[in-house]
Amino acid sequence: MKPTECLYLYKAYKYVLGKLDEKEMEFYTNHLLKCVSCAQLVINVRKIPRDKLENRVNAIAQVLDTEKKFEQERRARGCLSVEQIIDYIHNRSDTVDTEYVRRHILDCEDCKTEVQIIKKIEFEEE
Ligand SMILES: [Zn+2]
Ligand SMILES: [Zn+2]
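Quick caveat: nothing in here was measured; it's all calculated off a predicted structure.

K.L.:
Whenever I open this one, the overall build of the protein confuses me. Can you help?
P.N.:
Broken down by element type, the protein carries eight helices and zero strands. In sequence order, the protein lays out its α and β elements as α-α-α-α-α-α-α-α. For the protein, the spread of C-alpha atoms along the three principal axes comes to 40 × 30 × 25 Å. By residue count, 21% of the 126 residues in the protein fall in the buried class. Nonlocal contacts in the protein, meaning residues at least 24 apart in sequence, comprise 70% of its contacts between residues at least 6 apart.

K.L.:
How should I be thinking about the nonpolar core in this particular structure?
P.N.:
The tendency in soluble globular proteins is for nonpolar side chains to be buried side by side. Of all hydrophobic cores here, the largest spans 20 residues; its most connected members are Leu-7, Leu-9, Tyr-10, Ala-12 and Ile-86. Those elements that provide at least two residues to this core are α1 (9-17), α3 (36-46), α6 (82-89) and α8 (109-123). At six residues, α1 tops the list of elements feeding residues into this core. Once residues within four sequence positions are removed from consideration, Tyr-10 is found in contact with Ile-60, Val-82, Glu-83 and Ile-86.

K.L.:
I would appreciate a short explanation of helix α2 (residues 22-34) in the present structure.
P.N.:
It helps to recall that an α-helix has 3.6 residues per turn; residues three or four apart then point in one direction. Taking 1.5 Å per residue, 13 residues should reach 18 Å; α2 reaches 19 Å between its end C-alpha atoms and fits that length. Across the 13 residues that make up α2, only a small minority, one, are buried.

K.L.:
I keep staring at the environment of Val-115 and nothing clicks. Help me out?
P.N.:
By the element assignment, Val-115 lies in helix α8. Sequence spacing of Val-115 and Val-101 is 14 residues, and the spatial spacing of their C-alpha atoms is 9.9 Å.

K.L.:
Explain unusual backbone geometry to me, please; I cannot follow it from the model alone.
P.N.:
Leaving glycine aside, a negative phi is the common case for residues, and trans is the common case for peptide bonds. Although it is not a glycine, Asn-91 adopts a positive phi angle of roughly 55 degrees. Looking at where Asn-91 falls in the secondary structure, it is placed in the loop between α6 and α7 (98-107).

K.L.:
Is there a simple way to explain the environment of Lys-120 in this structure?
P.N.:
Tracing the sequence through the fold places Lys-120 in helix α8. Sequence separation between Lys-120 and Val-82 is 38 residues; the distance between their C-alpha atoms is 13 Å.

K.L.:
How do you make sense of the packing of helix α4 (residues 50-69) against α8 when you look at a structure like this?
P.N.:
Each pair of packed helices can be described by the angle between their axes along with the distance between the axes. Where α4 meets α8, the axes come as close as 10 Å, and the angle between the chain directions of the two elements is 165 degrees. By the angle class used here, α4 and α8 are roughly antiparallel. Two packed elements cross with a definite hand, and for α4 against α8 that hand is right-handed. Here α4 contributes Arg-56, Ala-59, Ile-60 and Val-63 to the contact with α8, which in turn contributes Glu-114, Ile-117, Ile-118, Ile-121 and Glu-122. Grouping the amino acids of the contact of α4 with α8 by side-chain chemistry returns six nonpolar, no polar and three charged.

Calculation notes
Residues numbered from 1 in each chain as written. Chains lettered and ligands numbered in written order. Predicted model: local features only at pLDDT ≥ 70, side-chain atom pairs only at ≥ 80, totals over all residues. Helix = DSSP H or I, 4+ residues; strand = E, 2+ residues; numbered from the N terminus. Buried ≥ 20, exposed ≤ 12 C-beta atoms within 10 Å, placed from the backbone. Contact = placed C-beta atoms within 7 Å. Core = buried A, V, L, I, M, F, W, Y, C linked by C-beta atoms within 7 Å. Expected span 1.5 Å × (residues − 1). Axes fitted to C-alpha atoms, helices over the stretch in contact; angles between N-to-C directions. Parallel < 35°, antiparallel > 145°, perpendicular 65-115°, else oblique. Left-handed = near helix turned anticlockwise from the far one by under 90°. Nonpolar A, V, L, I, M, F, W, Y, C, P; charged D, E, K, R; others polar.

Shown next, in the form of structure tokens:
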């Protein structure tokens, strides 16, 4: 199973809220029929109350906006995407190279800060 096809947690949030574009919704609906781990992930995400999920997705979208402003520098430095960070926080080593993340945040203040912000978003309410 290729990581690129599997759902990042952030995508799973958006999938459950119906906020992916039509093509992606269709793609993942099919994917869920074939992939046990993504199907299980979606079942777990569905247990999160909808309003909490909306809040999380909105808060994360703000982080994404800030990220976009520095997109080029970030890419040049091999910075982490929000999706990778969320999966790292939840120890999802099937979709993210956790060792790379660990090493990267030792050198990169930006990503380190982002990990802290996203940790807050993800765990504060639980
Ligand atoms: Zn999958
Ligand atoms: Zn970085």
